[in-house]
Structures are given as C-alpha cells and as structure tokens.
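# Analysis of the macromolecular model
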Amino acid sequence: MLDLTKIPDAVRSEGSVSRRLVLAYGAALAGLPLVSSRLTAADRKIVFESNPFTLGVASGDPDANSLVLWTKLAPDPTTAQGGMNPEMVPVSWEIAEDESMNKVVFSGIAVATPQLGHSVHVEVQGLKPARWYWYRFRAGDAVSPIGRTRTLPEPNAEPDSLRFAFASCQNYEQGLFTAYDQMAKDNLDLVFHLGDYIYEYPGKENQVRKHSGPTEGKIKTLDDYRLRHMQYRSDELLNAMHAQCPWFVTWDDHEFDNNYANDIQEEQRGFKPRTERVDFLVQRAAAYQAYYEMMPLRKQTLPEGPDMTIYRKASFGRLAEFFVLDTRQYRTDQPNGDGLKPMSEEAWKPSNTLLGKQQRGWLDRSLLESTATWNVLAQQVMFAMVEINLRDRSGFSMDQWPGAAFERMALMRFMADRKVPNPVVLTGDIHANWVNDLRVDDRQADSPIVATEFVGTSISSGGNGTKEVKNLDQLKAANPGVKFHNQERGYVRCEVTADRWTSDYVVVEDVKTAGGAALTRASFTVESGRPGAQLS
Ligand code: FE
Ligand code: CA
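Rules used in this analysis
- Residues numbered from 1 in each chain as written.
- Chains lettered and ligands numbered in written order.
- Predicted model: local features only at pLDDT ≥ 70, side-chain atom pairs only at ≥ 80, totals over all residues.
- Heavy atoms only, no water.
- Axes fitted to C-alpha atoms, helices over the stretch in contact; angles between N-to-C directions.
- Helix = DSSP H or I, 4+ residues; strand = E, 2+ residues; numbered from the N terminus.
- Left-handed = near helix turned anticlockwise from the far one by under 90°.
- Contact = heavy atoms within 4.5 Å.
- Nonpolar A, V, L, I, M, F, W, Y, C, P; charged D, E, K, R; others polar.
- Donors = N, O, S within 2.8 Å, 3.2 Å for Na, K, Ca; no water.
- 1 Å grid on protein atoms, 1.4 Å probe; cavity = no way out; pocket = protein on both sides within 12 Å on 5 of 7 lines; lining within 4 Å.
- Points joined across faces, edges and corners; volume = space filled by probe spheres on them.
- Pairing = 2+ DSSP bridges.
- Salt bridge = Lys/Arg side-chain N within 4 Å of Asp/Glu carboxyl O.
- Buried < 20%, exposed > 50% of the residue type's maximum accessible area, 1.4 Å probe, protein only.
- Disulfide = S-S within 2.5 Å.
- Domains from an automatic or database assignment.
- Buried area = accessible area lost by both parts, 1.4 Å probe.
- Polar contact = N/O pair within 3.5 Å; in protein donor to acceptor, adjacent residues only side chain to side chain.
- Core = buried A, V, L, I, M, F, W, Y, C linked by side-chain atoms within 4.5 Å.
- Phe/Tyr/Trp six-rings, centres within 6.5 Å; stacked < 30°, edge-to-face > 60°.
- Lys NZ or Arg CZ within 6 Å of the ring centre and 35° of its normal.

The subject of this paragraph is the packing of helix H5 (residues 222-233) against helix H7 (residues 274-294). With their axes 8 Å apart at the nearest point, H5 and H7 run at an angle of 35° to one another. Considering how the two elements wind past one another, H5 and H7 form a crossing that is right-handed. Contacts from Leu222, Tyr225, Arg226, His229, Met230 and Arg233 in H5 reach Gln283, Ala286, Ala287, Gln289, Ala290, Tyr291, Glu293 and Met294 in H7. Grouping the constituent residues of the contact of H5 with H7 by class yields 8 nonpolar, 3 polar and 3 charged.

Shown next, in the form of structure tokens:
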C-alpha cells in the first residue's frame, strides 16, 4: 500500500514546484509491487465502459537485460483526464518469450495514478540479451493489445548487424503518418525519435486533420499538453509502430514551445523579465510532465519540476554506441536574434552552448569510454555549417549548431584529436533530408572529414514537400560538405555492420491522402575507418 506519510518533508513543502515533486514522488512509488489486498480487491470491481487501452502499448530504452513497458489508461482520449476518474488503478503486466504469450517470464502489478495521467512505466529486469519479447497489460476486465520488444546485445557482444530507423517532426495537421506504415514493414530492431513528436500550435482550418484544443494561441497547460499527446498517439499508424519494437525518444522544441532556449521564450529575446521566465518554467514543467507520461522512459527520467534529464546513452554491443542528446533544455539564447544570419562574432561567442556544461562533460567522457565501432549522436539540430541563400534572407541558422559554432568546433576537434571511431550524427528538426560530410570547420573544404551527418526529413510536417530543390547546384557549390538534399517526407532507415553503415532515405510520395506510396529515394554508405558519405 502506498504510504503517503513517508514522503520526505522536503518534498511536501509548499509551492507549485514542490507540489510537482510530490507528483514525481508518487510516480516513483507507482512501480513498486503491490502488497495490499485492498487494492487487489478493488481491482476486481473495476469495469471499464469502453476500452481503456485506446493509446496502445509501447516499449523503450532497452539495454541488454532490461527495458521499459508503457501504457496509459484512457477510455476517452479526447478529454484531458482520458475519461478516467481521479483514483489509482492497479494495472497488471506480463512479458513472454513467445508471440502467443504462453511462456510468460515475468509479470507484476503497477499502479496507474491520476497524478501521472494514469500512465504506466514498468522497468522489467532480468531479461536475456538480444532477443524478442512480447508483452501486454490488464486493467480491471480489459486487456491491452500485445506489443513486441527486444533487448540489446550484451555490451561486449559483437553483433553482425543492426537495423533501425530514425524519425522526427510529425505535425498532425499537415499530413498523415503514412511513413510509419512502411516503417512497420522494415523489421527493425529499434526506432529513434529525434523530436517534434507533437506540435504546440492551435487548431487551424483547412488542414489535412485538425488539432484538438485551442483554436487561438498555443497550448500551455498540463491538460492541453496531455490532450495534444493523446490526439497524436491515437493515430493508428503511430500507435502500431510503437508496438513493433522499442524506441529511444528525445525531444526538440515543439514538445514545449517553438525555438525555446532553456527558460527563454522565442518572443522574449533581449529583455526577459524574471516573472515571465518563471511562468515559462511552470509551463515547461507541464510540457515535460506530459512528455514523460506519454513516453516509454525510465524512472530516472522523471521530471523534477521544470527539469528532466533525458540525455543518455545506449550500447548495441560493440557495434554501435548511441548518445541521445538534449539540445534545448540547457542551451543559451540563439545569437543574433535567431534566424538565418552571417557567422558573426556573436555566433562564435565561446559562451554559446546547445548542450550546457554538464551534458558536454558527460558526452566527452562517454565518447572517450566508448569501445564501439560506430559512435552515434542522436540529436535534434543540424551540425553542418550550411550557408543558405533564399531570395529574402541568407546566412547560417542560428537555431542550429552554427549558433554555437565554438562549441561545435570544439566537439568536432575533440572527436578528431581523440580518434573517436566512426562518428555519425543523426538529426531531425528541419523537415528536409540532408547528407553532410562534417569537418572541424565546414567552410574549409580541403581539411579532413571528421564525421558524417544524416539529417532525416519530417514524417508529415510541411505537408507534401519537393523532390527537386531549387538552386541545389548553387547550394552544393557554396557548401562542398553537402552530398544530398531534398524536401520530401519520410524517415531514414539504417543498416549497420562492422564494415559499413548504410542509410536509406525512405520517402512517402503523398502524405495528404491515405495510402501514399513509400520508396527509397537515395541510399548512402559510410565505410568504417573512412568518414564521409558515398552515394550507393
Ligand atoms: Fe519540426
Ligand atoms: Ca524543431
């Protein structure tokens, strides 16, 4: 039985942030096995009027012996409370070695609390490495769909290959999530989601679909964020892909607010009154909490007020080490007032950062410790310093790594000097496909290539894009590191072996009507020991 009197005084003190800590503490308890017969008796009485598993199931953050199983009870995902009463509900779970759930290896009971939106995060331990498992949940008389998941190989194993995909930017209004239909057929070990999982904008008319919630002004409250997440996750194709294999997720800006930088709102550049920054952090706490509730994340990720540590790493044996980054929560304000700007002194200021000190130190240490053949940064914004020339403006994006050019250059130099094996950068954010060779300074075309960047386009944001980008030859001539660029919709599928990395640019021809055809537009390879991408 949960004993609320055991919550430490420090957590129970007054104020909204402390209140959130209490919620977080309650959530930490939610994973404890239940010993109370009272709750179990209550369990028998729970009868749902309609299916509470409308949001499906998911799994994530696997290592060799453990992973997270996720669900959230929501018989009515069109209301902020999901159609649930404000009471705790025991949810039983089981994980099996076979598809028909006959060989159950572990099972237990978790508590879905109203404080965490009746979400369930079970961390299952003691699993065997590198194998498939199947899992499901039960609440009252209702049974969830069966999900499939997989543990990673042991850290010292040398697996032959890894197949995964990475995706980003799924604006619900601007297109359908058809890309996930193709992804579900790709037989992947893993998916990485690099952010813009939801968009915070109000519902607009004359779109492919319409956002729920406000029709004016962006979403702001915990209820708003919960509702928006549930609307997205109710998409059948997204929902089904989560049940296919484990995901590693990280956010970009739109899970909270467009182009935010730590506690600074896009609209508040320059003068930032302290009170507004506090309000913005209260909003950030709501956005982060809703994100935690909806994602298959470990309990160590639980938000504490407006803070949530989401950067982390994962080893796929000795084949690949993934560093999942957070380039929003700790960054400094975009220099030069954001947008496309020249590489001025402001952009080069050594104090500009996308990672923040702690994450940067952790990344450096982790890169040095890695024994993997491929060292992969799974992150949000483009690393390549690309000069863009549009009719009305030109320059480098201050919201991307050129806005923290000193930090970017130091990191590239660090990887070059310390001979980090085969660095690869995976990127989302900008609704376009790019393949870039990365140098310490990308403008020095005769300097050695250090790493390779694959930027994946949006699942749906921007609606149907274009295959042929205007003035591409000019862009390539001005930016010799750029090997490929287009603006179609889709995702990137990667096949990794000890000798070769292959990235397939999968595109969906039409995201505005159901059943758009998917095809591979281009494939690029990187040979181990030879940074830089080759068209294959
Ligand atoms: Fe986006
Ligand atoms: Ca973004």
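More follows now that the structure is in view.
Our next topic: the coordination of the iron ion (ligand 1). Around the iron ion (ligand 1), the donor atoms from the protein are Cys169 (SG), Asp196 (OD), Tyr199 (OH) and His431 (NE2), and they sit 2.1 to 2.5 Å away. For the iron ion (ligand 1), the single-chain donor residues occur in sequence as C-x26-D-x2-Y-x231-H. The two metals, the iron ion (ligand 1) and the calcium ion (ligand 2), are separated by 3.8 Å and share Asp196 as a common coordinating residue. Of this pair, Cys169 sits in the loop between strand E9 (161-167) and helix H4 (179-183) while His431 sits in the loop between strand E18 (423-427) and strand E19 (433-438); the two residues are 262 residues apart in sequence, bridging distant segments of the chain.

The next thing to look at is the layout of surface pockets. What the largest pocket holds in volume is close to 1100 Å³. Secondary-structure elements contributing two or more residues to the lining of the largest pocket are strand E16 (388-389), strand E17 (394-397) and helix H11 (472-478). Taken together, the residues that form the lining of the largest pocket break down as 17 nonpolar, 13 polar and 10 charged.

Taken together, Asp196 (OD), Asp252 (OD), Asp253 (OD) and Asp429 (OD) make up the protein donors of the calcium ion (ligand 2), found 2.3 to 2.6 Å from the metal. Within one chain, the residues donating to the calcium ion (ligand 2) are spaced in sequence as D-x55-D-D-x175-D.

On to the sheet that holds E17. Overall, antiparallel pairing links the 3 strands, which are arranged E14-E17-E16 in an open sheet. This sheet does not close on itself; its edge strands, each paired only once, are strand E14 (340-341) and E16. Where E14 meets E17, 2 bridges bridge the pair, whose relative direction is antiparallel. Opposite Lys341, over in E17, you have Phe396 as the bridge partner.

Turning next to the pattern of salt bridges. Oppositely charged side chains can pair when the atoms bearing their charge come close. Within the structure shown, the criterion is met by 30 salt bridges. The partner of Lys210 in a salt bridge is Glu205, and the shortest N-O contact between them spans 2.9 Å. Between Asp437 and Lys483 there is a salt bridge whose closest N-O contact spans 2.7 Å. One end of the pair, Asp437, is in strand E19; the other, Lys483, is in strand E21 (residues 482-486), and 46 residues separate them in sequence. Note on Lys483: relative accessible area 30%, which makes it partly exposed. One salt-bridge network, held together by shared partners, links Glu200, Lys218, Asp257 and Glu267.

Here we come to the state of the cysteines. According to the stated counting rule, one finds 0 disulfides in the structure shown. Unpaired in terms of disulfides, Cys245 finds its nearest cysteine sulfur in Cys494, a separation of 13 Å.

So, on to the domain arrangement of the chain. Under the domain assignment, the chain is made up of domain 1 (33-150) and domain 2 (162-535). Using only C-alpha atoms to locate each centre, domain 1 and domain 2 end up separated by 30 Å. Taken together, the contacts link 35 residues of domain 1 with 29 residues of domain 2. Interface area, domain 1 with domain 2, both sides summed: about 2700 Å², of which 49% is carbon and sulfur. At the junction of domain 1 and domain 2, the tally comes to 4 salt bridges. For Arg150, the salt bridge goes to Asp189, with nearest N and O atoms at 3.6 Å. Counting across the domain 1 and domain 2 interface gives 19 residue pairs in polar contact (both at pLDDT 80 or more). Looking at the side of domain 1 that touches domain 2, the elements with two or more residues in it are strand E1 (57-60), strand E2 (67-72), strand E5 (119-124), strand E6 (132-139) and strand E8 (147-150).

Relative to the helices and strands, Glu387 resides in the loop between strand E15 (374-378) and E16. What makes Glu387 partly exposed here is its relative accessible area of 31%. Linking Glu387 and Pro402, residues 15 residues apart in sequence, is a C-alpha distance of 9.7 Å. Once residues lying within four places of it in the same chain are set aside, the contact partners of Glu387 are Gly395, Phe396, Leu475 and Asn479.

Soluble, globular proteins show a tendency: their nonpolar side chains are buried together. Tyr180 and Met183 are the most contacted members of the largest nonpolar core, which totals 54 residues. Only E6, E9, H4, H5, helix H6 (236-242), strand E11 (247-249), H7 and strand E23 (500-508) provide two or more residues apiece to this core. Ranked by residue count, the leading element in this core is H7, at 8 residues. The residue makeup of this core includes at least three contributed by each of domain 1 (33-150) and domain 2 (162-535). Filtering out sequence-adjacent residues up to four positions away, Met183 remains in contact with Ala165, Ala167, Leu188, Val191, Met241 and Tyr491. Of all hydrophobic cores here, the second largest spans 35 residues; its members include Tyr311, Ala404, Leu438 and Leu472.

Per the stated rule, a full pass over the model turns up 26 aromatic pairs. With a centroid separation of 6.4 Å and an interplanar angle of 25°, the aromatic rings of Tyr199 and Tyr201 are classed as stacked. Note on Tyr199: relative accessible area 2%, which makes it buried. For Tyr201, a relative accessible area of 29% corresponds to the partly exposed category. By the ring-pair criterion, three or more aromatic residues cluster together here, those being Phe164, Phe192, Phe248, Phe322, Trp374, Phe454 and Trp501. The positively charged end of Arg131 is found above the aromatic ring belonging to Tyr133, 5.0 Å away from the centroid. The ring of Phe177 has Arg209 lying over it, and the distance from NZ or CZ to the ring centre is 4.7 Å.

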